[in-house]
Amino acid sequence: MLKNLVARIKSQKGMSGVLVAVLLVVVGVGLVAGLNTYMTKAKNNVIDVADANLTSLGVATAK
């Protein structure tokens, strides 16, 4: 996969093509990192709410 990426960057005409390719890679990595952070926080929020609801019902939860 990395070889394909390097080949694509090298095949771009001129410097602007290389800059666009690098920018797209940076944006893609940023989106993946942001989505991962969001999903982790959302998962932890759901777990906390579920634990609080189960505790209020008197059900023992394992942490």
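Basis of the calculations
Residues numbered from 1 in each chain as written. Predicted model: local features only at pLDDT ≥ 70, side-chain atom pairs only at ≥ 80, totals over all residues. Heavy atoms only, no water. Helix = DSSP H or I, 4+ residues; strand = E, 2+ residues; numbered from the N terminus. Areas by Shrake-Rupley, 256 points an atom, 1.4 Å probe, with all protein chains shown as cover. 1 Å grid on protein atoms, 1.4 Å probe; cavity = no way out; pocket = protein on both sides within 12 Å on 5 of 7 lines; lining within 4 Å. Points joined across faces, edges and corners; volume = space filled by probe spheres on them. Nonpolar A, V, L, I, M, F, W, Y, C, P; charged D, E, K, R; others polar. Patch = residues over 30% accessible without salt bridge, like charges linked within 9 Å, V, L, I, M, F, W, Y side chains within 5 Å. Salt bridge = Lys/Arg side-chain N within 4 Å of Asp/Glu carboxyl O. Buried < 20%, exposed > 50% of the residue type's maximum accessible area, 1.4 Å probe, protein only.

Participant: Is there a simple way to think about the overall build of the protein chain in this case?
Facilitator: Check the secondary structure of the protein chain and you find two helices and zero strands. When the accessible surface of the protein chain is split by element, carbon and sulfur atoms take 70% of a total near 5600 Å².

Participant: I keep staring at the layout of surface pockets and nothing clicks. Help me out?
Facilitator: Gaps between atoms show up when a probe of the same size as a water molecule is rolled over them. When its volume is computed, the largest pocket comes out at roughly 170 Å³. Looking at the largest pocket, it is lined by 11 residues, and the ones nearest its centre are N4, L5, R8, I9 and V25. Breaking the lining of the largest pocket down by element, the ones donating at least two residues are α1 (2-11) and α2 (14-56). Top contributing element to the lining of the largest pocket by residue count: α2, with five residues. Here the lining of the largest pocket is composed, by residue class, of seven nonpolar, three polar and one charged.

Participant: Got a minute to help me understand the environment of K10 in this structure?
Facilitator: Position of K10 among the secondary structure elements: in helix α1. Counting along the chain gives 11 residues from K10 to A21, while the straight-line C-alpha distance between them is 10.0 Å.

Participant: Can you help me understand a nonpolar patch on the surface in this one?
Facilitator: On the surface, a cluster of nonpolar side chains totalling about 410 Å² of accessible area is made up of L2, L5, V6, V25 and V29. Put simply, the parts of the chain that give the nonpolar patch at least two residues each are α1 and α2. In this fold, V29 is placed in helix α2. Judged by relative accessible area, V29 falls into the exposed class, the value being 54%.

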